[in-house]
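Single-letter residue listing:
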Amino acid sequence: MSNPILSAGTPAPRLSGTDQNGNALAINDFAGKKLVIFFYPQDDTPTCTKEACNLRDNYGALRAAGYEVIGVSPDSEKSHKKFIDKFQLPFPLISDVDRKWIDAFGVWGEKQMYGKTYMGLHRSTFLIDEQGTIARVIDKVKSADHAAQILAGG
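Residues numbered from 1 in each chain as written. Predicted model: local features only at pLDDT ≥ 70, side-chain atom pairs only at ≥ 80, totals over all residues. Heavy atoms only, no water.

A. Representation of a nonpolar patch on the surface within the structure. Taken together, the side chains of Met113, Tyr114 and Tyr118 present a nonpolar region at the surface, about 390 Å² in accessible area. By the element assignment, tyrosine 114 lies in the loop between β6 (108–113) and β7 (116–121). For tyrosine 114, a relative accessible area of 81% puts it in the exposed group. (Patch = residues over 30% accessible without salt bridge, like charges linked within 9 Å, V, L, I, M, F, W, Y side chains within 5 Å. Areas by Shrake-Rupley, 256 points an atom, 1.4 Å probe, with all protein chains shown as cover. Salt bridge = Lys/Arg side-chain N within 4 Å of Asp/Glu carboxyl O. Helix = DSSP H or I, 4+ residues; strand = E, 2+ residues; numbered from the N terminus. Buried < 20%, exposed > 50% of the residue type's maximum accessible area, 1.4 Å probe, protein only.)

This is the structure:
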């Protein structure tokens, strides 16, 4: 069972992981910057692709608003690399096969589809401020319009 989802006002966990190229990437690397961490269930699936491409298409606006962006899913580095190459995603994707990030942020839990209950990743986005505190949590992600949700604030 996972931890409860982290909430606004909570310090972001001090985690590190590896991106699609096997490079180390840590939340601390973004100290002094605003950071978007979006958790999504699986590379190259329709809804996840819609979300990632919406963030790609609005990446300039997100950067202009001062945000850095990273994605996290339980997929492998190889899967992330293929996903990035296929859709020209401009941000790194963390491979969280051991669910260290997923569990720390509390986004793993019970889900339901077609009347079946199972455990899985809840699509969620965390906005982290320059001091490393979670400023906002978006737990009802609109995949096709996610950048607008982030930029809308509040």
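B. Structural context of the pairing of strand β9 (residues 134–138). One ladder, built from four bridges, connects strand β8 (residues 124–128) with β9; its direction is antiparallel. Its bridge partner lying in β9, phenylalanine 126 is registered against valine 137. Counted between consecutive antiparallel strands, the loop separating β8 from β9 contains five residues, among which glycine 132 sits at a positive phi close to 85°. (Pairing = 2+ DSSP bridges.)

C. Local environment of helix α1 (residues 46–57). Counted at 1.5 Å a residue, the expected span for α1 with its twelve residues is 16 Å, and the 16 Å between its end C-alpha atoms agrees. Of all the residues in α1, the buried ones are Cys48, Thr49, Glu51, Ala52, Cys53, Asn54 and Leu55. Elements in contact with the buried residues of α1: β3 (34–39), α2 (59–64), α3 (77–87), β8 and α5 (146–151). (Expected span 1.5 Å × (residues − 1). Contact = heavy atoms within 4.5 Å.)

D. Structural view of the pattern of salt bridges. Evaluation of the coordinates by the stated rule reveals six salt bridges. Salt-bridge contacts for arginine 56 lead to aspartate 57; the nearest nitrogen and oxygen are separated by 2.8 Å. For aspartate 85, the salt bridge identified is with lysine 81, shortest N-O distance 3.3 Å. Taken together, the residues aspartate 85 and lysine 81, both in helix α3 and four residues apart, mark about one turn of the helix. Aspartate 85 gets classed as partly exposed once you look at its relative accessible area, which sits at 44%. On the basis of relative accessible area, lysine 81 is assigned to the partly exposed category, the value being 34%.

E. A look at the environment of lysine 34. Within the secondary structure layout, lysine 34 lies in strand β3. What makes lysine 34 partly exposed here is its relative accessible area of 23%. Linking lysine 34 and alanine 65, residues 31 residues apart in sequence, is a C-alpha distance of 8.9 Å. Setting aside residues up to four positions removed in sequence, lysine 34 forms contacts with Ala65, Gly66, Tyr67, Glu68, Ile128 and Glu130.

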